[in-house]
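Summary of the model geometry
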Amino acid sequence: MRSRTHLAFGFLAGLLSLNYIRPSNYIIYFAVILFAALLPDTDHPESNINKKIPVFKFFSYIFKHRGFLHTLWIPLIVFVLLYKFGYYQYGIAVAVGYGAHLLSDSLTKAGINFIHPLKQFRIQGFVETGGLLEYLICGLVIVASVFLLIL
Ligand SMILES: [Zn+2]
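Here's a quick rundown of the structure.

Rules used in this analysis
- Residues numbered from 1 in each chain as written.
- Predicted model: local features only at pLDDT ≥ 70, side-chain atom pairs only at ≥ 80, totals over all residues.
- Helix = DSSP H or I, 4+ residues; strand = E, 2+ residues; numbered from the N terminus.
- Rg over C-alpha atoms; globule rule 2.2 N^0.38 Å.
- Contact = placed C-beta atoms within 7 Å.
- Core = buried A, V, L, I, M, F, W, Y, C linked by C-beta atoms within 7 Å.
- Buried ≥ 20, exposed ≤ 12 C-beta atoms within 10 Å, placed from the backbone.
- Expected span 1.5 Å × (residues − 1).
- Axes fitted to C-alpha atoms, helices over the stretch in contact; angles between N-to-C directions.
- Parallel < 35°, antiparallel > 145°, perpendicular 65-115°, else oblique.
- Left-handed = near helix turned anticlockwise from the far one by under 90°.
- Nonpolar A, V, L, I, M, F, W, Y, C, P; charged D, E, K, R; others polar.

The helix and strand tally for the protein stands at 7 helices and 2 strands. Against the compact-globule benchmark of 15 Å for 151 residues, the protein has a radius of gyration of 15 Å, which places it among compact chains. Dimensions along the principal axes, computed over C-alpha positions, put the protein at roughly 40 × 35 × 30 Å. Counting contacts in the protein only where the partners sit at least 6 residues apart, residues at least 24 apart contribute 55% of the total.

Ranked by internal contacts, the top residues of the largest apolar core, which has 27 residues, are Ile-33, Ala-36, Ala-93 and Val-94. Listing elements by their share of this core, those giving two or more residues are α1 (3–17), α2 (26–38) and α6 (88–105). Considering every element that reaches this core, the biggest residue donor is α6, with 9 residues. For Ala-93, the residues in contact, after removing those within four places along its chain, are Tyr-29, Val-32, Ile-33 and Ala-36.

Here Thr-42 is to be found in the loop between α2 and α3 (48–52). We classify Thr-42 as buried; it has 21 C-beta atoms within 10 Å. Taking the C-alpha atoms as reference points, Thr-42 and Ile-53, 11 residues apart in sequence, are found 9.4 Å from one another. With residues up to four places along the chain from it excluded, the contact list for Thr-42 reads Ser-47, Ile-49, Asn-50, Phe-56, Phe-59, Ser-60 and Leu-69.

A separate point is α1. If you check α1, its first and last C-alpha atoms are 20 Å apart, about what 15 residues at 1.5 Å a residue would give, namely 21 Å. Buried residues along α1 sit in contact with α2, α6 and α7 (132–150).

All right, on to the packing of α1 against α6 then. How two helices pack is summed up by the angle between their axes together with the distance between the axes. The N-to-C vectors of α1 and α6 enclose an angle of 130 degrees; their axes lie 8 Å apart at closest approach. Here α1 is positioned oblique relative to α6, judged by the angle of their axes. Along this stretch, α1 crosses α6, giving a crossing that reads as right-handed. Between α1, through Thr-5, His-6, Phe-9, Gly-10, Ala-13, Gly-14 and Ser-17, and α6, the contact on the second element is made entirely by Ile-92, Val-96, Gly-97, Gly-99, Ala-100, His-101, Leu-103 and Ser-104. Across the contact of α1 with α6, the residue classes tally to 6 nonpolar, 9 polar and no charged.

A word on unusual backbone geometry. A cis amide bond links His-116 to the next residue, Pro-117, at an omega of 0 degrees. We note that Arg-66 has phi near 60 degrees; this positive angle belongs to a residue other than glycine. Considering the arrangement of structural elements, one finds Arg-66 in the loop between α4 (57–62) and α5 (73–84). Residue classification places Arg-66 among the buried residues on the basis of 21 C-beta atoms within 10 Å.

Here α5 is 12 residues long and its end C-alpha atoms lie 16 Å apart, about the 16 Å a rise of 1.5 Å per residue gives. Once α5 ends, the next one or two residues include Gly-86, with phi positive near 90 degrees.

What is shown is where atoms sit, not what they do.
Below is the structure:
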């Protein structure tokens, strides 16, 4: 999916997470979520995050697109590390943003393997990346976020 869709999913997931967590700083919490929502695509040389922050392009030379960086291992490792060093809230924020990215990519035809390289646990949907359906889904996610903000 495109980065704007990942940001929309990340923002909605962040709003939903507020039912379970009260961050000490909402701005930093959501900034971490949105940043984490873009991180998995550092494995793609032409991704938006790699264009904006070229140093991340390094990952695209090491990992294949939708390989290891598109698994549950990364947010799990980051969460444990942040938790261990006392940044529990930001560990949650990374898990929320990263998880939103993985879930939204699992809606695409290419899908992702959540536990690569251990086994095949590939989930794939029917959405064409950059297609009309993705734009519709992105719009629905934004509308849902606005409703959550209003209500
Ligand atoms: Zn992705």
